[in-house]
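Breakdown of the fold
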Amino acid sequence: MKRLLVATDLTPRSERALARALIVARSIDAEVRVLHVVDAELPAALGARQRADAEEEIGRQIAALGGEDLEPRIEVVLGHSVTSVVAAAQACRADLLVLGAQRQSPLKDIFVGGIPERLVRLAACPVLVVCDAPEGPYQRMLAAVDFSERSRAAVSFAAKLQPKTPLSMLYVYDMPYSGLASLSEQADDAADLEQRLHDLLAPEKRAFLDALGALGRRIPLTVRAGRVLTVLAEEIARQNVDLLVAGTHSRGGVARLLLGSVAGELIRRPPCDVLVVP
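Sequence order sets the numbering: in each chain, residues are counted from 1 along the sequence as written. Local features in this predicted model are restricted to residues whose pLDDT is 70 or higher, and side-chain atom pairs enter the listing and the counts only when it is 80 or higher, whereas totals over whole chains, interfaces and linings include all residues. Side-chain descriptors were evaluated using all non-hydrogen atoms of the structure, hydrogens and water having been removed beforehand.

What follows is about the packing of aromatic side chains. Pairs were defined over the aromatic rings of Phe, Tyr and Trp, the Trp ring being its six-membered one, requiring ring centres within 6.5 Å. Orientation was assigned from the angle between planes: stacked under 30 degrees, edge-to-face over 60, tilted for the rest. In this structure the tally under the stated criterion is 2 aromatic pairs. Here F147 and Y171 contribute two aromatic rings whose centre-to-centre distance is 4.5 Å and whose plane-to-plane angle is 25°, an arrangement assigned as stacked. Of this pair, F147 sits in the loop between β6 (141–145) and α6 (149–161) while Y171 sits in strand β7 (residues 167–173), and the two are 24 residues apart along the sequence. Throughout, exposure labels follow a simple rule: accessible area from a 1.4 Å probe, protein chains only, divided by the maximum for the residue type, with under 20% read as buried, over 50% as exposed, and the rest as partly exposed. Take F147: its relative accessible area is 9%, and that puts it in the buried class. Taken together, a centroid distance of 5.3 Å and an interplanar angle of 45° make the contact between F147 and F208 tilted. A residue pair is termed long-range when its members are at least 10 positions apart, and F147 in the loop between β6 and α6 and F208 in helix α9 (residues 202–211) qualify at 61 residues. One aromatic cluster in this structure is built from F147, Y171 and F208. In this analysis the charged atom, NZ for Lys or CZ for Arg, is taken to sit over a ring once it is within 6 Å of the ring centre and within 35 degrees of the ring normal. In this structure, R20 is placed above the aromatic ring of Y138, and the distance from its NZ or CZ to the ring centre is 3.7 Å. Under the DSSP-based scheme used, a helix requires at least four consecutive residues in state H or I and a strand at least two consecutive residues in state E, with every element numbered from the N terminus.

And the structure:
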């Protein structure tokens with residue numbers, strides 16, 4: 001991994017994203033670029049003044065965060081927020097796009113979606129949505145998987161992004177209530193139910209874990225039945241997770257849902273920082 005692109009709107013949310021990007025870049029020796037987009041429809045004089053002010057503010061934030069030693073490259077361009085960020089990420093071949101969590105604007109998001117959500121959908125590279133002010137490197141990562149190639153890619157990317165951070169996996173078995181009730185009746189306790197789910201998914205699970213063997217690290221897997229968002233929230237709290245990892249464009253399960261309502265909910269109201277890998 002060589003290049004991180006931070007898209008900033010100069011708000012405290014974006015400053016938290018910049019702080020996280022500097023920590024990640026320092027841990028993996030990556031280049032950092034910081035991009036701010038000025039509305040291209042502004043009058044020329046006003047646009048030029050905003051560009052100069054933005055460059056100054058980004059420089060101030062970098063200095064305040066102690067990131068000058070990384071020599072981040074600052075880019076302020078005229079354009080439109082989403083399209084300009086996507087184009088910049090492609091042009092510089094960014095390995096990771098880093099964003100601040102979106103401002104809560106429920107009415108607007110219902111109709112058009114927030115900027116982070118649209119960028120997650122459109123960007124060709126992985127996207128890290130930062131909601132918490134970092135106090136240091138990530139302490140624990142949780143990858144939501146569905147045993148597909150895409151979720152395997154998400155786990156692999158997270159392992160390379162933060163090689164020293166503990167990483168675990170979660171498979172949420174989503175099934176009709178009647179089927180879950182029947183399976184639960186056969187189990188004596190929660191551990192028995194989890195084991196039955198493991199047995200039910202054994203072929204896919206084995207192939208998935210074998211494919212991850214090349215990473216050279218043990219990544220524990222939890223299998224649970226229930227509603228995706230509910231189970232995710234419970235596991236994030238139980239494991240004290242500060243980075244949730246998920247893949248997209250998958251055939252089903254958690255990753256498929258992440259393209260729809262679950263994705264929107266996670267990006268709009270992230271339970272912790274969220275890394276989405278296409």
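On to α9, then. Among the residues of α9, A202, K205 and F208 are the ones counted as buried. The buried residues of α9 occupy an angular sector of 130° when projected down its axis, which confines them to one face. Across α9 from its buried face, at more than 90 degrees, point the exposed residues P203, R206 and D210. Here, the arc refers to the directions that run from the helix axis to the C-beta atoms.

What follows is about the packing of helix α3 (residues 81–91) against helix α5 (residues 115–122). Simply put, an axis is a line fit to the C-alpha atoms, just over the touching stretch for a helix, and the angle between two N-to-C directions goes from 0 to 180 degrees. With their axes 10 Å apart at the nearest point, α3 and α5 run at an angle of 40° to one another. Between α3 and α5, the angle falls in the class oblique. In this structure, the crossing between α3 and α5 has a hand that is right-handed. The segment α3 lies against α5, with S81, V82, V85 and V86 engaging I115, R118, L119 and L122. Gly is placed with the polar residues, together with every amino acid not listed as nonpolar (Ala, Val, Leu, Ile, Met, Phe, Trp, Tyr, Cys and Pro) or charged (Asp, Glu, Lys and Arg). Along the lines of polarity and charge, the residues of the contact of α3 with α5 split into 6 nonpolar, 1 polar and 1 charged. In what follows, roughly perpendicular refers to angles from 65 to 115 degrees, roughly parallel to angles under 35, roughly antiparallel to angles over 145, and oblique to any angle outside these ranges. Two helices that cross are described as forming a left-handed crossing if the nearer one is turned anticlockwise from the farther one by less than a right angle, and a right-handed crossing if clockwise. Two residues qualify as a contact provided that any one of their heavy atoms is within 4.5 Å of a heavy atom in the partner residue.

All right, on to the pattern of salt bridges then. Throughout this description, the term salt bridge denotes a Lys or Arg side-chain nitrogen within 4 Å of a carboxyl oxygen of Asp or Glu. Tallied over the entire structure, the rule returns 12 salt bridges. The partner of D9 in a salt bridge is R13, and the shortest N-O contact between them spans 3.2 Å. D9 gets classed as partly exposed once you look at its relative accessible area, which sits at 38%. The partner of R60 in a salt bridge is E57, and the shortest N-O contact between them spans 2.8 Å.

This part takes up the pairing of strand β10 (residues 273–277). The buried count for β10 comes to 5 of 5 residues, which makes it a mostly enclosed element. Side chains D273, L275 and V277 project from β10 onto one buried face, and the interleaved V274 and V276 project onto a second face that is buried too. Pairs of strands are assigned from DSSP output, requiring at least two bridges between the strands. Direction of pairing for strand β5 (residues 127–130) relative to β10: antiparallel, over a ladder of 3 bridges. Bridged to V129 within β10 is V274.

This part covers helix α10 (residues 228–239). Multiply 1.5 Å by the residue count of a helix minus one, and that product is the helix's expected span. Taking 1.5 Å of rise per residue, 12 residues should cover 16 Å, and α10 covers 16 Å from first to last C-alpha, within 8% of that figure. All of the buried residues in α10 are V228, V231, L232, E235, I236 and Q239. One face of α10 carries all of its buried residues, which in axial projection span an arc of 135°. Every exposed residue of α10 that faces more than 90 degrees away from the buried side is listed here: A237 and R238. Following α10 by one or two positions, N240 has its phi on the positive side, about 55°.

Where strands meet in a sheet, backbone hydrogen bonds hold them as pairs that are either parallel or antiparallel. The strand order across the open sheet built from 10 strands is β3-β2-β1-β4-β5-β10-β9-β6-β7-β8, with neighbouring strands paired in mixed fashion. Looking along the sheet, the strands with just one partner apiece sit at the ends: β3 (73–79) and β8 (221–225). Put simply, the sheet's adjacent strands are angled 25° from each other on average, direction ignored. The sheet contact formed by β6 and β7 spans 5 bridges and is parallel. Paired with V145 across the strands is Y171, a residue of β7. Across the sheet, α10 touches β6, β7, β8 and β9 (243–247), and the angle it forms with β8 is around 140°.

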